[in-house]
Structure formats: C-alpha cells, structure tokens
Amino acid sequence: MHRFARAVLISDLHLCTSRPDITRAFHVFIDEVAPRYDALFILGDFFEYWVGDDAATDFHRSIAERLKQCSTHQAVFLMVGNRDFALGEHFANLCGATLLPDPSTVELAEQNWLLSHGDALCTEDVGYQRYRRFIRHPWVLATLRRLPLKWRLALAERLRQNSRQRYQSGRTGLVDVTDSAVVALLNQHPNSHLIHGHTHLADWHHHTTANGQQDRLVLGDWHHYGWYLSVQPEATELHRFAIEDPEFEPAQAGVPL
Ligand SMILES: [Mn+2]
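A. The overall build of the chain, seen in detail. Within the chain, the regular secondary structure consists of seven helices and twelve strands. On C-alpha atoms alone, the chain measures out to a radius of gyration of 18 Å, which is about the 18 Å that the 2.2 N^0.38 rule sets for 257 residues. The dimensions of the chain, computed from C-alpha atoms along their principal axes, are 50 × 40 × 35 Å. Counting every position in the chain, which comprises 257 residues, the buried fraction comes to 36%. A sequence separation of at least 24 residues applies to 66% of the contacts in the chain between residues at least 6 apart.

B. Here's a closer look at the sheet that holds strand E12 (residues 236–242). Taken in spatial order, the six strands make up an open sheet running E5-E4-E3-E2-E11-E12, and their pairing is mixed. Taken across any chain shown, the strands that pair with only one partner, and hence form the sheet edges, are strand E5 (97–99) and E12. Between one strand and the next, the sheet's axes are offset by a mean angle of 25°, whatever the strand orientation. Bridging between strand E4 (residues 75–79) and E5 involves three bridges; their strand directions are parallel. The residue of E5 that forms the bridge with Leu-78 is Leu-99.

C. Expanded view of the environment of Gln-111. In this structure, Gln-111 sits in strand E7 (residues 111–115). When the 15 C-beta atoms within 10 Å are taken as the criterion, Gln-111 is described as partly exposed. Taking the C-alpha atoms as reference, Gln-111 lies 38 Å from Ala-156; in sequence the two are 45 residues apart.

D. Looking closely at the sheet that holds strand E1 (residues 3–4). If you walk across this open sheet you meet the six strands as E1-E6-E7-E8-E10-E9, and the pairing is mixed. Strands with a single pairing partner mark the edges of an open sheet, and in this sheet they are E1 and strand E9 (203–209). Bridge analysis of E1 against strand E6 (residues 104–108) gives two bridges, and the strand direction is parallel. The residue of E6 that forms the bridge with Arg-3 is Glu-107. Those strands touched by helix H7 (residues 179–188) are strand E8 (192–196), E9 and strand E10 (212–218), and its axis lies near 70° from that of E9.

What counts as what
- Residues numbered from 1 in each chain as written.
- Predicted model: local features only at pLDDT ≥ 70, side-chain atom pairs only at ≥ 80, totals over all residues.
- Helix = DSSP H or I, 4+ residues; strand = E, 2+ residues; numbered from the N terminus.
- Rg over C-alpha atoms; globule rule 2.2 N^0.38 Å.
- Buried ≥ 20, exposed ≤ 12 C-beta atoms within 10 Å, placed from the backbone.
- Contact = placed C-beta atoms within 7 Å.
- Pairing = 2+ DSSP bridges.
- Axes fitted to C-alpha atoms, helices over the stretch in contact; angles between N-to-C directions.

Printed below as a string of structure tokens:
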C-alpha cells in the first residue's frame, strides 16, 4: 500500500483550452501548494475529456511536463474519472504519475483512506451505471482506442452533450452518490475513510456504518473556486480558493479527525 505522511488531493479540474483561468490556477497550485506535500493525488476528471493518449495536444503535453517536474520532488498519482476514463499508462508516464485503480486504499498520515472518483457510487442513476460498465470494460476500451481519431472526437462530443443534458434536465437528485452504496463500500473497508470527487458537492460527511462512524470527504470541482484536501498528521482540511486570484491560505478549516 502507498504510504505518505503528508498528501494533497484534488479532482475535477476539467482542464481544457477554453478555461485558461483554471489552467493558470493549476500552475499556481503546483508552484505554491504541491511542494508542501509528499504526494499529490488527482482523483479523476483532471481533463474535460480524453479521447486517447495518442490524441494528446501541446496543451496536454504542457500539463504533463508540469506534473513531471513535480514528480521529481513528490509522488504523483492519477485516477481517471468519467470524463477522462480513456487516459492510459502512456500519458501517465509522461506525467511521471502512477495510475491508480478506482477505488484504491492508501495510508496517509497514519490513517487508511479509500480513494475513488465517485461516479460508481451514484447508483440511483441506473442508465449511467449501465453505460459505465459498458464503456469501462477493457475490451470496449481497447476497441475505442483503435477507432480513428475523428470518430473518437465525435463520440466524445456526443458524450459531453449527453452529460450536459443530464445536468440541465434538473434531475439533480440523481447526480449525488447514493448513501447505501457509500455505506456498502465503507463496510468493506472498516478502517478507512473515503475521499472522492465527481459530484462537485464539496463537503465533509459522517456515515454510520457497521464499524461505527466513517467519514466521507468530497472534493469540489474547479470552476469559480478551486478546492484541495490536505491530509497531514496535525489535521485533515478541505481548502477553497478563488480561481481568478488564487491565494493559498486555508479558507475553510476542516475538523481534525
Ligand atoms: Mn466526474
């Protein structure tokens, strides 16, 4: 198991060329915040969409280079999300990053943590879970990777439209995780707390499980604000900062575990 005393976790940056402000905030974050920690974990939807490592552009490569520099001082981990699920070993290597399966258990500040992107926990969205099982199947992924780039780009655009429509249709009750799925997962990992992203609902939850109380920490997406979670021996804290003018002082102190 990966073990670190000080770790910082982010997710759902949705990096893309149309949001240079988020990319800029990411660079400031890497300069000013990341070096304080032994490990950086990116828990999915790092990129707005991903059609294959072979389709990486100069934009993607510049981000990879930045992470690669980072990886000379600290460990860098990448987990894929529902937007960038096709990101593979090749690009992770360019980033100097280790790809993490979803979910993964790690030890941070002498506490076990279960890390996940979080989309697999939205079990009430039956249609999405069916799609997810299909698209994430190794055979399907392998086939997708062999499709001509033009087809893959068209497919990615289609999926983004679908995703936008789902959000706009107002079925907001379906985009959060299902409590029973969370408790079932925590029951399988009795000594762990859970960290995930995806829902864009940054918060700190306490769940009553078969093992007592287990916590669920939700990372926010980067939009008007950015979020990161620091896990250190002294405290576990969820931080928020403004994307336009990132100042990395703890804006919201979390409750030490
Ligand atoms: Mn997501």
